[in-house]
Amino acid sequence: MDLDKEIQALNDQIAILRERVKKGEHQLINEVVKLRKRFKKLAKEKMESLSAWDRVQLARHPKRPHTIDYINNLFTDFIELHGDRRFADDKAIIAGFANFEGKPVCIIGHEKGRDTKEKIERNFGMPHPEGYRKAIRVMKLAEKFKRPVITFIDTPGAYPGIGAEERGQSQAIAESIMTMGSLRTPIVATVIGEGGSGGALALGVADRILMLENAIYSVISPEGCAAILFKSAESAPQAAENLKITAKNLFELGIIDYIVKEPLGGAHLQPEKMYRILRRALRDNLKLTENKNLDKLVEDRHRKFYSMGRFIEK
Amino acid sequence: MGLKDFIDKFKGRKKLKIEEGSWIKCEKCKSLLFIDDLLKNLKICPHCGYTFRMSAKERVDSLLDTVYNYDLFSKIKPVDIIGFKDTKRYKDRLKEAQEKTGLNDAIIVAHGKMFDKEVVIASMDFNFMGGSMGSVVGAKFVRGAEFAIEKRIPFISVAASGGARMQESIISLMQMAKTSIAVDRMNKAGILYISVLTDPTMGGVSASFAFLGDIIIAEPESLIGFAGPRVIEQTIRQQLPEGFQRSEFLLEKGQIDMVVDRKNLKKTIYTLIKHTHG
Ligand SMILES: [Zn+2]
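Criteria and thresholds
Residues numbered from 1 in each chain as written. Chains lettered and ligands numbered in written order. Predicted model: local features only at pLDDT ≥ 70, side-chain atom pairs only at ≥ 80, totals over all residues. Heavy atoms only, no water. Donors = N, O, S within 2.8 Å, 3.2 Å for Na, K, Ca; no water. Helix = DSSP H or I, 4+ residues; strand = E, 2+ residues; numbered from the N terminus. Buried < 20%, exposed > 50% of the residue type's maximum accessible area, 1.4 Å probe, protein only. Expected span 1.5 Å × (residues − 1). Arc of directions from axis to C-beta. Contact = heavy atoms within 4.5 Å. Domains from an automatic or database assignment. Buried area = accessible area lost by both parts, 1.4 Å probe. Nonpolar A, V, L, I, M, F, W, Y, C, P; charged D, E, K, R; others polar. Pairing = 2+ DSSP bridges. Patch = residues over 30% accessible without salt bridge, like charges linked within 9 Å, V, L, I, M, F, W, Y side chains within 5 Å. Areas by Shrake-Rupley, 256 points an atom, 1.4 Å probe, with all protein chains shown as cover. Salt bridge = Lys/Arg side-chain N within 4 Å of Asp/Glu carboxyl O. Lys, Arg positive; Asp, Glu negative; His and termini not counted. Charge placed at Lys NZ, Arg CZ, Asp CG, Glu CD.

Describing the coordination of the zinc ion
For a metal bound by four donors in a tetrahedral arrangement, the ideal donor-metal-donor angle is 109.5 degrees, while six donors in an octahedral arrangement ideally sit at 90 or 180 degrees.
All names here are of chain B.
Right, on to step 1. Within the protein, the zinc ion binds to Cys26 (SG), Cys29 (SG), Cys45 (SG) and Cys48 (SG); these donor distances fall in the range 2.2 to 2.4 Å.
Right, on to step 2. Of note, the donors binding the zinc ion are all from one chain and are spaced C-x2-C-x15-C-x2-C. One end of the pair, cysteine 26, is in the loop between strand S1 (23-25) and strand S2 (32-34); the other, cysteine 48, is in the loop between helix H2 (35-40) and helix H3 (56-63), with 22 residues separating them in the sequence.
Right, on to step 3. Assessed through its relative accessible area of 1%, cysteine 26 is described here as buried.
Right, on to step 4. Given the relative accessible area of 27%, cysteine 48 is considered partly exposed.

This is how it looks when you write it as structure tokens:
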């Protein structure tokens, strides 16, 4: 990943020079333009040659924007709702009401946390059943008040633990999937980072499924697949390749509806630009779900998922 | 079905630890069992009660008195969608599993009568790639559910699965959504859906249709859960308590309605059908 380091260095250098230009050192403009050109060239080169495993790293990049960042930058008047009314408040999932471009919506998303303390609080974005039950509660509120649901998917997977199993991880995920399947309000889901298995799909049954260019979405993590099928942890990059987990792969397989372009080098390099791009994508995709008869909306959603799967019949 | 047919079928199957001849060793108490006795006893060890895994067809035979059709959608067959290869090609794994089990994939959807009640049974076979759910399992489950809706008869699923079929990647994940939607369509149509969980019911099958039954019944001592016990142990770095993720444990935690042994399963299901569709 030397290329990556060089790109990051260039990006930082450009930012510093820009600051100096702003403060009056106008002679540096030419230098900025030059560096910017080189940055673009390298970044493009890199993006085109990225392996699936590289994208796994980008999807999990520590500086990649999370659900919280999108909420803060794309929405206004966010009010967070807490708890599943049964056991606890799971901080691995954030949910609440907000406005998107002046229109009221419901938001539900996985949140991994940024610093160590927050990561632990949010369990690295790995929900317990309570998280999914909170999500279901908010979905039903959205249905009741006729608000579209916008979900953000970013999780390594549902948490594998004793409490999670005792309290019905399977049942909670299944119910969330089923609830979304027939929810009588539009749903737009976006895979923003890591789409880890059933724990991701539990927020992913939508009328429009978007995926960021460098996000991944898979039935099992490349590491898990390597351990089980390849019988060696070192095969994770190969597993990532073979599993076909990139946005391009999923679009070609007809699983997602829309690839959201990322700024050159990845969302973490220019988050502001990422917010602008995703805002536009959400606006366009929400529009496609609006003003539909609700029976038809649900029927179309059923048909969409019923059509997923390939087999021969003869 | 006559005992002779049952035995012929049994012998035809290559795996399931049946050694040459007509004796088999119990996994639990190690006693040598005469196959005829085992089959007469629904594959339950007469000495210790250990339940041997049933094939999809054996399960159907144990629940139906009249079978109209063992596999309503037998024309649906798997394909290697993404050209997947790990240490083996998916294509080759499919071929092996098909030869081993005589099935097209890990599920059959049977139509018949339980005593006087017409039902649909979606029965999974663990011997076919660990009962994993890919496109064919998803498609046949959904067709079975729609068939039950159309005929207005109860739908029963018998799960035996390690989870989603990794070799079909993201498409196998989507079968969770597909089958869950089918269950909801039965809900809305007022069709009874009984989910039977057998050993094992894990991952993507557990976290979709298997836990969406109106009534959930588990066979004794079956391993049932979302994450596998090894994954959990590695994550939490501690040993799991005795009986964790077993049927009896789930009953105690309020996750299932009942634990019913094989000999009482048919009667229990039949009684439930009478209570709901009587
Ligand atoms: Zn025994």
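A word on helix H4 (residues 90-101) of chain B
An α-helix turns once every 3.6 residues. As a result, residues three or four positions apart point the same way.
Residue and element names in this part refer to chain B.
Right, on to step 1. The terminal C-alpha atoms of H4, which comprises 12 residues, lie 16 Å apart, in line with the 16 Å expected from a rise of 1.5 Å per residue.
Right, on to step 2. Considered for burial, the residues of H4 that qualify are Tyr90, Leu94, Ala97 and Thr101. Across the axial projection of H4, the buried residues extend over an arc of 70 degrees, all falling on one side. Exposed residues lying more than 90 degrees from the buried face of H4 are Lys91, Lys95 and Glu99.
Right, on to step 3. The secondary structure elements touched by the buried residues of H4 are strand S4 (76-78).
Right, on to step 4. Just past H4, the residue glycine 102 takes up positive phi, approximately 75 degrees.

Examining the domain arrangement of chain A
Residues and elements named next belong to chain A.
Right, on to step 1. Each assigned domain of chain A is listed here: domain 1 (2-49) and domain 2 (60-306).
Right, on to step 2. With 9 residues of domain 1 at the interface, the matching set in domain 2 holds 7 residues.
Right, on to step 3. For domain 1, the biggest contributors to the area lost against domain 2 are Gln8, Asn11 and Met47; these three give 54% of the whole.
Right, on to step 4. Secondary structure elements with two or more residues in the side of domain 1 that touches domain 2: helix H1 (2-22) and helix H2 (29-49).
Right, on to step 5. Per-element tally for the side of domain 1 that touches domain 2: the top contributor is H2, with 6 residues.
Right, on to step 6. Residue classes in the side of domain 1 that touches domain 2 are distributed as 4 nonpolar, 2 polar and 3 charged.

Focus on the pairing of strand S9 (residues 215-218) of chain B
Residues and elements named next belong to chain B.
Right, on to step 1. On S9, burial covers both faces: Ile215 and Ile217 on one face and Ile216 and Ala218 on the other are all buried.
Right, on to step 2. Sheet analysis places S9 next to strand S11 (residues 258-259), joined by 2 bridges and oriented parallel. Paired with isoleucine 217 across the two strands is methionine 258, which belongs to S11.

Things to note about the environment of glutamate 150 of chain B
All names here are of chain B.
Right, on to step 1. Relative to the helices and strands, glutamate 150 is located in helix H5 (residues 135-151).
Right, on to step 2. The exposed category is assigned to glutamate 150, whose relative accessible area is 67%.
Right, on to step 3. Taking the C-alpha atoms as reference points, glutamate 150 and glutamine 239, 89 residues apart in sequence, are found 48 Å from one another.

Observations concerning a positive patch on the surface
Residue and element names in this part refer to chain A.
Right, on to step 1. A surface patch of like charges, here positive, comprises Lys40, Lys44, Lys273, Arg276 and Arg280.
Right, on to step 2. Within the residue set of the positive patch, elements represented by two or more residues are H2 and helix H13 (271-289).
Right, on to step 3. Top contributing element to the positive patch by residue count: H13, with 3 residues.
Right, on to step 4. Locating lysine 273 in the fold gives a position in helix H13.

A short note on the interface of chain B and chain A
Right, on to step 1. In this assembly, 58 residues from chain B lie in contact with 49 residues from chain A.
Right, on to step 2. Taken over both partners, the interface formed by chain B and chain A buries close to 4,700 Å², and the fraction arising from carbon and sulfur atoms is 71%.
Right, on to step 3. Where chain B meets chain A, there are 3 salt bridges.
Right, on to step 4. Mapped by element, the contributors of at least two residues to the side of chain B that touches chain A are S4, H5, helix H6 (169-189) and helix H8 (229-236) of chain B.
Right, on to step 5. In terms of residue count, the dominant contributor to the side of chain B that touches chain A is H6 of chain B (18 residues).
Right, on to step 6. Within the side of chain B that touches chain A, the residues separate by chemical class into 32 nonpolar, 15 polar and 11 charged.
Right, on to step 7. The sheet contact formed by strand S9 (residues 311-313) of chain A and S4 of chain B spans 3 bridges and is antiparallel. Residue pairing across strands places phenylalanine 311 of chain A opposite proline 78 of chain B, the latter belonging to S4 of chain B.

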